[in-house]
Amino acid sequence: MSERHLQPLLHDLVGVVHAPTSALGDAAGQIRPHGVQGVFHADARVLSRAELRLDDREPEALTRGSAGPHGARFVALARWLGDPTPDPTVRVDRTRQAGPHGVTEELVISSTAADPVRTTVSVDLGCDLAPIELVKSGGSGAPMKAKAGEPGRVQWAAEGLTVTVTGEAATVDATGDRATAPRLSWPVTLAPGQSATLRWRLAVTDPKAVVTAAPPGPGWSEPAVRADDRRLVRLLDRSLADLRGLRLAEPAHPEDVFLGAGVPWFLTLFGRDSLWAARMMLPLGTDLAAGTLRVLARRQGTRVDPATGEAPGKILHELRRHEFTLADNGLRLPPAYYGTVDATMLWVGLLHDAWRWGLAADQVEPLLPHLEAALGWLGEHADPDGDGFVEYVDTTGHGLANQGWKDSGDAVRFRDGSLARSPIVLAEVQGYAYQAAVNGADLLDAFGRPGADRWRSYADRLADRFRGAFWVDGPYGPQPALALDRDKRPVDSLTSNIGHLLGTGLLSDAESAQVAALLSTEALAGGFGLRTMSTDDAGFSPLSYHCGSIWAHDTAIVLGGLARAGHRAAALRLADGLLTAAEAFDYRLPELYGGDDRAALGRPVPYPAACHPQAWSAAAAVLLLQAGLGVYPDVPAGRVDLRPLAGPELGALTAENLKIAGTRVTVTVDHTGHPTLTGLATTLTIPTQRTTPTHQPT
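Residues numbered from 1 in each chain as written. Predicted model: local features only at pLDDT ≥ 70, side-chain atom pairs only at ≥ 80, totals over all residues. Heavy atoms only, no water.

Caption draft 1: Expanded view of the overall build of the chain. On a plain count of helices and strands, the chain comes out with 15 helices and 36 strands. A globule of 698 residues ought to have a C-alpha radius of gyration of about 26 Å, and the chain, at 26 Å, matches this closely. Projected onto its principal axes, the C-alpha coordinates of the chain cover approximately 80 × 55 × 50 Å. For the chain, with 698 residues in total, the buried portion stands at 60%. If you take every contact in the chain between residues at least 6 apart in sequence, the share linking residues at least 24 apart comes to 65%. Taken as a whole, the chain presents about 25,400 Å² of accessible surface, with 51% of it coming from carbon and sulfur. Mean positive and mean negative side-chain charge positions of the chain (65 and 80 charges, respectively) differ by 3 Å. (Helix = DSSP H or I, 4+ residues; strand = E, 2+ residues; numbered from the N terminus. Rg over C-alpha atoms; globule rule 2.2 N^0.38 Å. Buried < 20%, exposed > 50% of the residue type's maximum accessible area, 1.4 Å probe, protein only. Contact = heavy atoms within 4.5 Å. Areas by Shrake-Rupley, 256 points an atom, 1.4 Å probe, with all protein chains shown as cover. Lys, Arg positive; Asp, Glu negative; His and termini not counted. Charge placed at Lys NZ, Arg CZ, Asp CG, Glu CD.)

Caption draft 2: Spotlight on the packing of aromatic side chains. Tallied over the full model, the rule gives 11 aromatic pairs. Centre to centre, the rings of W276 and Y432 are 6.3 Å apart; their planes meet at 65°, and the pair counts as edge-to-face. With W276 in helix α3 (residues 271-280) and Y432 in helix α8 (residues 427-446), this pair connects stretches of sequence that are 156 residues apart. Summarising the burial analysis for this pair, W276 and Y432 share the class buried. Ring geometry for F585 against Y593: centres 5.5 Å apart, planes inclined by 45°, an arrangement best described as tilted. Each member of the pair F585 and Y593 is classed as buried. Aromatic ring contacts, followed pair by pair, group W405, Y545, W551, Y607 and W616 into a single cluster. (Phe/Tyr/Trp six-rings, centres within 6.5 Å; stacked < 30°, edge-to-face > 60°.)

Caption draft 3: How the structure looks around the pattern of salt bridges. Under the criterion given, the structure shown has 56 salt bridges. In this structure, E60 and R79 form a salt bridge, with 2.7 Å as the shortest nitrogen-oxygen distance. Of this pair, E60 sits in strand β6 (residues 60-66) while R79 sits in the loop between β7 (71-77) and β8 (90-99); the two residues are 19 residues apart in sequence, bridging distant segments of the chain. Judged by its relative accessible area of 34%, E60 falls in the partly exposed class. Since its relative accessible area comes to 52%, R79 is described here as exposed. The network of salt bridges with common partners includes D26, R32, R49, E51, R53, D56, E58, D124, R178 and R183. (Salt bridge = Lys/Arg side-chain N within 4 Å of Asp/Glu carboxyl O.)

Caption draft 4: Highlighting empty space enclosed by the protein. Throughout the structure, instances matching the rule amount to five cavities of 30 Å³ or more. Taken as a whole, the largest cavity holds about 70 Å³ of empty space. As for the largest cavity, its lining consists of A28, Q30, L52, E58, P59, F74, V75, A76, V92 and R94. Residue assignment for the lining of the largest cavity shows that the elements contributing at least two residues are β7 and β8. Of the residues contributing to the lining of the largest cavity, the split by class is seven nonpolar, one polar and two charged. In this structure, the second largest cavity occupies an estimated 60 Å³ of space. As for the second largest cavity, its lining consists of P20, S22, F40, H41, A42, D43, A44, I132, P264 and L267. When the residues that make up the lining of the second largest cavity are grouped by side-chain class, the tally is seven nonpolar, two polar and one charged. (1 Å grid on protein atoms, 1.4 Å probe; cavity = no way out; pocket = protein on both sides within 12 Å on 5 of 7 lines; lining within 4 Å. Points joined across faces, edges and corners; volume = space filled by probe spheres on them. Nonpolar A, V, L, I, M, F, W, Y, C, P; charged D, E, K, R; others polar.)

Caption draft 5: Quick peek at the packing of α3 against helix α4 (residues 287-298). Axis separation between α3 and α4 bottoms out at 9 Å; the angle between their running directions is 160°. Put simply, α3 runs roughly antiparallel to α4. Remark: the crossing between α3 and α4 carries left-handed chirality. Along its contact with α3, which presents G271, S274, L275 and A278, the element α4 presents L288, A289, T292 and L296. Here the residues of the contact of α3 with α4 are counted per class, giving five nonpolar, three polar and no charged. (Axes fitted to C-alpha atoms, helices over the stretch in contact; angles between N-to-C directions. Parallel < 35°, antiparallel > 145°, perpendicular 65-115°, else oblique. Left-handed = near helix turned anticlockwise from the far one by under 90°.)

As structure tokens, then:
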């Protein structure tokens, strides 16, 4: 039987990140030469090994914790050294920090022994320069021979990449068998009560990288949050620290910052992920949104190219330094790949929402030709069979078979578990299309450009078609289907996708209420968040990537739609699920986790290959904050609506340093749910709010 190449597990690894550099090691702090452990820089593994030893023995791991937004600290013991007592007397503290062009480590060996302690500290290194897709498929590169140069320095170089490791005052052994496993070593003698500090650093020179580090600074306002539910504060603190580590730019345009999708596989520009994350971050300012919009606008499609999925007006899916190939499943994506059905409409949505939060006209106007091109794609290329719906199909045979956010090959299933066949018409994509048409029309009108009536008519027709084709009978009454298959049959499974329809305008108030009821069923909401597929469906598996697991960003998007539409109980249930999951994951929400019932273990089951940190998972904390405060600005209309989720159930909540129209504001919700907003520009007003919201039209 042929050997299976399995994707390496990630859930128990400890990562540090300062994009475009990240490092993944085990819970003891070791970076071992197997799996996905290593230091990565812009799609290449630049260090595959960094194992610490004292006297050729590994210290015993004790604990670990964070060391700032880009670092981790590991504590271990060398119990064979020092006093022969039950109490350990020799301790090892290892602090790893990621930087934009490498990593540094500080090793502190300390002794409380009664007599002097002598030891040799060493770090064994390795480098394979494996491309990220090879690592993702369970492979690795051959260990490369190192070149020793100046004292304490070792170097590897290939294909334009140069990797240099320098140990301060270290001896380097890179001869013989150690040519592919060079060792840094330091002799250490400690008097009683003394410590020794050793340092080594890795630096990467990578002129061919397609992404680079963003300029210093967070790039958004730092909120000061007080909450009765302290889980929200802790989640926000950790999430914003992680997001600072995911900031990226293009080498030619360092001023335009966007968020890399996640560690380790997706630390680059991803249209859908970067757009959603920027959209969630709008309460903290519009700079990130503006940078993301401009980066993607510069790469907007201009021609029809089936090999890349490009089409005029279409927004990019992902950007790599070279072709991304996973041989086991036949996936072969070009460096600039456009195989996404929703990013173009999400780009329009981000532009519109940033405008409503106060993005200045002089930043909106240069993007209007790109808006018109995006709408042009929607009208001319998004519906190849002319049935009035937005659909996708991979015509190459080696691209993504599914091109919505649930992009795994088995994501679109009927209730009986059978797979739908392409072309696929996803439910939520029709909601995005409706919203993009209406939002685009509003922008065209506001800036005196023609075409708004066309897009409002488009939206009206789409809503009628959707109502006639998508609603089916389900176990809990009428429900929107997940999709239509190639024969236009409704794919009748019950999934989280329907929650993305809330707030798009595609549904009537009554339909929104029915969707909210469906989202509240145990079958979808019985875990720590919103399951991607209901437990009633034959395709359900709690550890399926898209058919039963729980994704933080998905839960947050649906939660936000429920809260804004006034479905308070349903939104609060999902909010509690996210906060409980966050607590279990040390407040770093992973890409996804298991969809098991809450009662199964009392905590969420990790998805073993989940990325962390992940941009839209981390940004979900800001969307949760916005829903709690209930702040919904429309700066062009001169108003800010307040419909908070916080109050009797979630507790009181205050956030300072939010930004509306470029001005810092403070929003407070008391224990009764009464909101106040201070610092608002005089050009904006707050309409009278209902005291106890129950349902607001979308």
